[in-house]
Amino acid sequence: MRIVCIGGGPAGLYLGLLMKRRHPGHSITVVERNKPYDTFGWGVVFSDAMMTAMRVADPESAAEIEDAFNHWDDIELIFKGTRQRTSGHGFIGIGRKHLLNILQRRCEALGVELIFEREVESDLDFPDADLIVASDGVNSRIRTRYAEQFQPDMVIRPNRFIWLGTKKLFDAFTFDFQRTEHGWFQAHIYKFDSETSTFIVETTEEAYKAHGLDELDQQASIDFCEKIFAETLDGAKLLTNARHLRGSAWLNFSRLICGKWSVFNGKSHVVLMGDAAHTAHFAIGSGTKLALDDAIELVNQFDRHGHDLANIATVLEAYEELRRVDVARIQNAARNAMEWFEVVGRRYADTLEPPQFFYSMLTRSQRISHENLRLRDRTWLEDFERWYAARAGINVRDGERVPPPMLTPHRVRGLTLANRIVVSPMAMYSAQDGLINDFHIAHLGARAMGGAGLIFAEMTCVSSDARITPGCLGLWNDAQAEQWRRLVDLIHSLGHAKVGIQLGHAGRKGATRVPWEGIDQPLKSGDWPLISASALPYLPHSQLPRSMDGSDLDRVRDDHVAATRRAAEAGVEWLELHCAHGYLLSSFLSPLTNRRSDRYGGGHENRARYPLEVFKAMRAVWPSERPMSVRLSCHDWTEGGNTPADAAIFAAMFKDAGADMIDCSSGQVWKEERPIYGRLFQTPFADLIRNEIGIETIAVGAISEADHANSILAAGRADLCAIARPHLADPAWTLHEAARIGITAVNWPKQYLSAKVQYETNLARSAAAVSAK
C-alpha cells in the first residue's frame, strides 16, 4: 500500500514506523511542516501502562525512549503557605522534541520517507495514496475539508494557559496555586530531562483580562508569571519556545470529539489520528498517549484483517469502533480534571482547607479513588483520614485503624448521625390507604440493622390525591401518624439509625399504576383528578392535570404543614421536602413544566416562589433543633430545562429560607430526557452546590461501593451519601462494605455477631487467595 501521514507528530511518526516494521513492502511517507529534527513544546507525560504497550509494538524505539525518561513518584502541592507531598504515583516524563527525534530516527532506519518543511493544503495533493493518515493536529486542514463527514464537535474551553519551561529541576510533579487580587493562578510543573522542567501556567479568563494579560506580549507575560511564582522558581527564569506565535501566547484548550474518523475521498481512504480526531486536556497528560494508542490499534487491525487494499475500509471501521471506547474513557477523565481546574478558585481554593484541597486535586479525574490512594501511599492517606476524623470529633489513638470518612459522625443542627451513609427514599408501592404495614416494618427494620446512619422511608404523600400510585405511603390522617410512630420506635430500638421522612406531592405524575403493572402508566380505574403548575400531561396519554389556582395553592401548602406536624409528633428526626423528579413542586421549578404567566411563573424567583412558600411554612412548624433538607432535580437533561447552574440558584434560595442540606438528584422531569449515566454521575451537582453556594449536600446516584462514598466525602464533594439500589440488594450494605475495606471496629446487631466474625474471615481468605495468584 501507499500510505501518507500528514503531520509528523507522535501519531503520524509512530503509525509510519509500526506499519513499515510489520509490513516492509508498504511505501510510507510522513510529511511535516517543520524543519528536520525540530519541534515545539516542552515535556510530555507517559504512564507505565503506555510503556508496556510500546515495548510490545516496537521494542527498539521503546528502549531508546525509556533511556531518555525521567521517572518520579511524588506529587507536591504548594497551597496557602503549605507544602504537601504524596508518593506512589509513577509518572514518566520526556521532552517532546526528544521523543519526536527518536521516532524520526526510527522511521528513517526502517525506510519511512520523511518530508520536512512542506505545508499540506489538501489530501488531494497525494492522488496516488491508498491511505492518508490525517495526523495534522487539532487544527487539521484535512478534517476541516471533510467537516460534514467527520462531524467535529469543537468546544473552546474558558481557561487560559501558557506553556513555558524552566531550567530549575523539580523532583516531584508539582502544583503551585497562587492567589492574586483578581483570582487564582496555578502552575503544572514537572521535570522531563536532565536540565529542564515544563511549567504550564493556567488561570480563568476573568483573571487573565483583569491583569491585562490580553494586552501583553510574550516576554511581558513571562515576566508576570515569574513574579507570581517567584518563591517556587527561587530565582530561575521561565523560558518559551513559542516565539513563532503572535501576541502573548496564552491559549484556550480546544476539546474535540468527532462523529466519524474516516472517509473515502474518491481515490484514497482518509483516517483521523491523534489530536486531529480527539483531544484530552493536559490536566491528566494523556494527549500523547491517545495518539500513540491510535497508531498501535490501527496497525493491529491491519495485522488482523490483512495489509492490502481490499481490507482498508474494514480495518478503519474496526479501528474506530475499538478506539472510541478507550478515547471516551480518557476524555471523560480529562473532562473531570479540566473542569476541576476551570472552577478551582471559586469552588475549592477559596473554601477548602489544604489537606482536603490536596485530596480533591488528587482525585479530580475520578480515576483515582480512596482505596487506590491507599495502595499508592498508605501513610499519607491514613494521615489524611486522621485529619478528617478529628474534624468530625474523633481522636484516634496511636496504633488504631482510623475510620474512613463514611464512618465518621456528622452533626446537623441538634442531630448527630453515627455515620454519613443514608438509606435513600425508595418507593415500594406497597401501602393501602397510605398506611405503613408489615412489609414496611420488615423492609425498613432490616435496613435499620444494616449500619446506615439515617433511614428514609419512601416519599410520603401529604394527601390522598398527592399519591403517585394507590400503593404510596401517606401522612394525611392520624391512623397513618400512629403507624409512623410504630416505625420510628422500631428503628430506634434496633440501633443507632435516625429516622427521616420525605414529604411530597406527585402532581402531574400521580394516579398511575404500580411500576410492575406499567411504570408511569395511568390507572385504568379508580384514578383521581391531578393538579400541577401548568396543564401539561406527563405522557401524551396521561391524565391532563389542572393548573393550580389560589385555593389549590393554599390547600397543598396546608397539607404539607399538617403532615410536617404529624411527622414531628411521631418522633421523626429529619424532614425532607421533595422538589425533584417532576413531581408537584418540581413542576414549578422547571421551565419545561411551568408555563404560568402569574407571579408563580417566569424567572427563577417566580418559579421558586411557591416551593419556597411551602418550605417556609413547613420549617416554621418543624422543631428548630431538627434538620430539614430539600431534594432537587439538579439537571433536567433536556434542552430548555434546568441545568446545574439553575439548581445552584434554587439551592441558594432554599439555603436563605433555612434549609440545612440539598439532596442532589436529577432528571425524571421530562419524559424525553437524555441523561448521561455513569459512575457517580450526579455527584458533580452536589459538589457544585456545596462548594459554591455554601450549603451542605447529599450525593446520590450510582454510588455502589464504600470506595465511592469515601472518595466523595473525603474530597468535600458532599457531606452525606444516599445509597438506594445497593440497599435494596443488601440491607446491611454499610456493615458489609465496612468489612470489605477491612474495618472491623463496627457494631453489628448483637444477635448477628457470630456472622460478623465469619463474614470478615471469609473476606480475608478471599483477599489472600487473590494475592497468592
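Please refer to the structure placed before this passage.
Below, the structure is looked at part by part. Here the residue index of a chain counts from 1 through its sequence in written order. In keeping with the model being predicted, local features are shown solely for residues with a pLDDT of at least 70 and side-chain atom pairs are shown and tallied solely at 80 or more, while totals for entire chains, interfaces and linings include all residues. Excluded from the side-chain calculations are hydrogens and water; all other atoms, namely the structure's heavy atoms, are used.

1. A closer look at the packing of aromatic side chains
When we look at a pair of aromatic rings, we describe it by the centre distance and by the angle of the planes.
Stage number 1. For Phe, Tyr and Trp, where Trp contributes only its six-membered ring, two rings pair if their centres lie within 6.5 Å, and the inter-plane angle classes them as stacked under 30 degrees, edge-to-face over 60, or tilted in between. Across all of its chains, the model carries 37 aromatic pairs by this definition.
Stage number 2. Here the aromatic rings of Trp 72 and Tyr 190 are separated by 6.0 Å at their centres, their planes lie at 20 degrees, and the arrangement is stacked. With a gap of 118 residues between them, Trp 72 in strand β4 (residues 70-72) and Tyr 190 in strand β12 (residues 183-191) connect regions that are remote in the sequence. The pair formed by Trp 72 and Tyr 190 is uniform in burial state, with each residue classed as buried.
Stage number 3. Each member of the aromatic cluster is reached from another via a ring pair, and the members are Trp 72, Phe 79, Phe 173, Phe 175, Phe 177, Trp 184, Tyr 190, Trp 340, Phe 341, Tyr 348 and Phe 357. Going along the chain from the N terminus, every DSSP run of H or I of four or more residues is numbered as a helix, and every run of E of two or more is numbered as a strand. For each residue, the accessible area found with a 1.4 Å probe, counting protein chains only, is set against the maximum for its type, and the residue is called buried under 20%, exposed over 50%, and partly exposed in between.

2. Here we look at the pattern of salt bridges
Stage number 1. The working definition used for a salt bridge is a side-chain nitrogen of Lys or Arg within 4 Å of a carboxyl oxygen of Asp or Glu. Summed over all chains, the structure comprises 55 salt bridges.
Stage number 2. Where Arg 85 meets Glu 76, a salt bridge forms, and the shortest distance between an N and an O atom there is 3.0 Å.
Stage number 3. Overall, the relative accessible area of 32% leaves Arg 85 in the partly exposed class.
Stage number 4. The exposure class assigned to Glu 76 is buried, which follows from its relative accessible area of 11%.
Stage number 5. By sharing partners, the salt bridges in this structure join Asp 74, Glu 76, Arg 83, Arg 85 and Asp 171 into a single network.

3. Remarks on the packing of helix α24 (residues 733-740) against helix α25 (residues 753-772)
Stage number 1. Only C-alpha atoms enter the line fits that serve as axes; for helices the fit covers just the stretch in contact. Angles between N-to-C directions range over 0 to 180 degrees. It is the contact of α24 with α25, at a shortest axis distance of 9 Å, that shows an interaxial angle of 40 degrees. Here α24 is positioned oblique relative to α25, judged by the angle of their axes. As α24 packs across α25, the resulting crossing turns out to be right-handed. Where α24 approaches α25, its residues His 736, Ala 739 and Arg 740 are matched on the opposing element by Tyr 759, Glu 760 and Leu 763.
Stage number 2. Ten residues, namely Ala, Val, Leu, Ile, Met, Phe, Trp, Tyr, Cys and Pro, are considered nonpolar, four, namely Asp, Glu, Lys and Arg, are considered charged, and the remaining ones, Gly among them, are considered polar. A class-by-class count of the residues in the contact of α24 with α25 yields three nonpolar, one polar and two charged. Geometric relationships in this document are graded by angle, where less than 35 degrees denotes roughly parallel, more than 145 denotes roughly antiparallel, 65 to 115 denotes roughly perpendicular, and other angles denote oblique. If you view the pair so one helix is near and one far, a crossing is left-handed when the near helix is turned anticlockwise from the far one by less than a right angle, and right-handed when it is turned clockwise. Contacts are residue-level and defined by heavy atoms, with any inter-residue pair within 4.5 Å sufficient.

4. Quick look at the pairing of strand β22 (residues 498-504)
Stage number 1. Within β22, six of the seven residues are buried, leaving the element largely enclosed by the surrounding structure.
Stage number 2. In this analysis, strands are considered paired if DSSP registers two or more bridges between them. When strand β21 (residues 454-461) meets β22, the two strands line up parallel, connected through six bridges. In the strand pairing of β22, Leu 454 is matched with Lys 498.

5. Let's talk about the sheet that holds strand β2 (residues 27-31)
Stage number 1. The strand order β8-β2-β1-β9-β17-β16 describes an open sheet built from six strands, whose pairing is mixed. Because the sheet does not close on itself, it has two edges, and the strands there are β8 (113-115) and β16 (262-264). When strand polarity is set aside, the average angle formed by the axes of neighbouring strands in this sheet is 20 degrees.
Stage number 2. The pairing of strand β1 (residues 2-6) with strand β9 (residues 131-134) spans four bridges and is classified as parallel. Bridge pairing links Ile 6 to Ala 134 in β9.

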